[in-house]
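# Structural overview for review
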Amino acid sequence: MGYYHSTYFAYGLRIPVDAHPWAETDRIDEELKAVRDQCPDVGHLTAGDYDRDMLFLVTKSNRVDLGEYGRASSATPEQRADWGRQLANAVDHLGYGHIRDLDAPSWLCIPDLS
């Protein structure tokens, strides 16, 4: 058995969940279909430390493999504002709006070990 390392640069926010993040992904996929017109760029990402993955709602995401390098997107302020609006709509629609310590969307660097 080996390990696979990668890193993601993504624009989004972490969604703290009690269950394993993978348990939420099917529901997220289904529910985002209903608001695709409001959140066309929103998807999800699960990544983290081996069996302790975290859940993220993201718009733009680039994977960078070990030994490679990458850069975050050169998105304009207008694009980031649009992504922020889409993420806020998705958070509300998915029922995560009640989470007290939810961060504002931003560029994230997310290491992943699987």
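Anyway, here's the lowdown on the structure attached to this text. (Residues numbered from 1 in each chain as written. Predicted model: local features only at pLDDT ≥ 70, side-chain atom pairs only at ≥ 80, totals over all residues. Heavy atoms only, no water.)

Let's shift gears to the overall build of the protein chain. Counting its regular elements, the protein chain contains two helices and four strands. Written out in order from the N terminus, the α and β elements of the protein chain read β-α-β-β-α-β. What you see for the protein chain is a C-alpha radius of gyration of 14 Å, in line with the 13 Å of a compact globule of 114 residues. C-alpha extents for the protein chain along the principal axes are approximately 40 × 35 × 25 Å. Taken across its 114 residues, the protein chain has 34% of its residues classed as buried. (Helix = DSSP H or I, 4+ residues; strand = E, 2+ residues; numbered from the N terminus. Rg over C-alpha atoms; globule rule 2.2 N^0.38 Å. Buried < 20%, exposed > 50% of the residue type's maximum accessible area, 1.4 Å probe, protein only.)

It is worth spelling out the nonpolar core at this point. One finds Ile 15, Leu 57 and Tyr 96 to be the most contacted residues of the largest nonpolar core, which totals 18 residues. Counting only elements with at least two residues in this core, the list comes to strand S1 (5–15), helix H1 (22–33), strand S3 (52–65) and helix H2 (77–94). A total of five residues in this core trace back to one element, the largest contributor, which is H2. Ala 10, Leu 45, Val 58 and Leu 108 belong to the second largest nonpolar core, which has eight residues in total. (Core = buried A, V, L, I, M, F, W, Y, C linked by side-chain atoms within 4.5 Å.)

Let us look at the pattern of salt bridges. Overall, the coordinates contain five salt bridges when judged by the stated rule. Residues Arg 27 and Glu 31 are paired through a salt bridge, measuring 3.3 Å at the closest nitrogen-oxygen approach. With Arg 27 and Glu 31 both in helix H1 and four residues apart, the pair spans about one turn of that helix. On the accessibility criterion, Glu 31 (27% relative accessible area) is partly exposed. Between Asp 49 and Arg 52 there is a salt bridge, and its shortest N-O distance comes to 2.3 Å. The exposure class of Arg 52 is exposed, given its relative accessible area of 54%. Among the ionic contacts, a cluster of salt bridges with common partners joins Glu 24, Arg 27 and Glu 31. (Salt bridge = Lys/Arg side-chain N within 4 Å of Asp/Glu carboxyl O.)

Looking now at the packing of H1 against H2. Direction vectors running N to C along H1 and H2 enclose 110°, while the axes themselves pass 10 Å from each other. The angle between H1 and H2 places the two elements in the roughly perpendicular class. Between H1 and H2 the crossing geometry is right-handed. Here Arg 27, Ile 28, Glu 31 and Leu 32 of H1 lie close against H2, whose contacting residues are Ala 90, His 93 and Leu 94. Its residues assigned to classes, the contact of H1 with H2 shows four nonpolar, one polar and two charged. (Axes fitted to C-alpha atoms, helices over the stretch in contact; angles between N-to-C directions. Parallel < 35°, antiparallel > 145°, perpendicular 65-115°, else oblique. Left-handed = near helix turned anticlockwise from the far one by under 90°. Contact = heavy atoms within 4.5 Å. Nonpolar A, V, L, I, M, F, W, Y, C, P; charged D, E, K, R; others polar.)

Counted according to the given criterion, the structure contains three aromatic pairs. Ring centres of Tyr 11 and Trp 83 lie 5.4 Å apart, and the angle between their planes is 45°; this geometry places the pair in the tilted category. Taken as a pair, Tyr 11 in strand S1 and Trp 83 in helix H2 lie far apart in primary sequence, 72 residues in all. One exposure class covers both Tyr 11 and Trp 83, and it is buried. Judged by centre distance (5.2 Å) and plane angle (75°), the ring pair of Tyr 11 and Trp 107 falls under edge-to-face. With Tyr 11 in strand S1 and Trp 107 in strand S4 (residues 106–113), the pair connects residues that are 96 residues apart, well separated along the chain. Among the aromatic side chains, those forming a connected cluster through ring pairs are Tyr 11, Trp 83 and Trp 107. (Phe/Tyr/Trp six-rings, centres within 6.5 Å; stacked < 30°, edge-to-face > 60°.)

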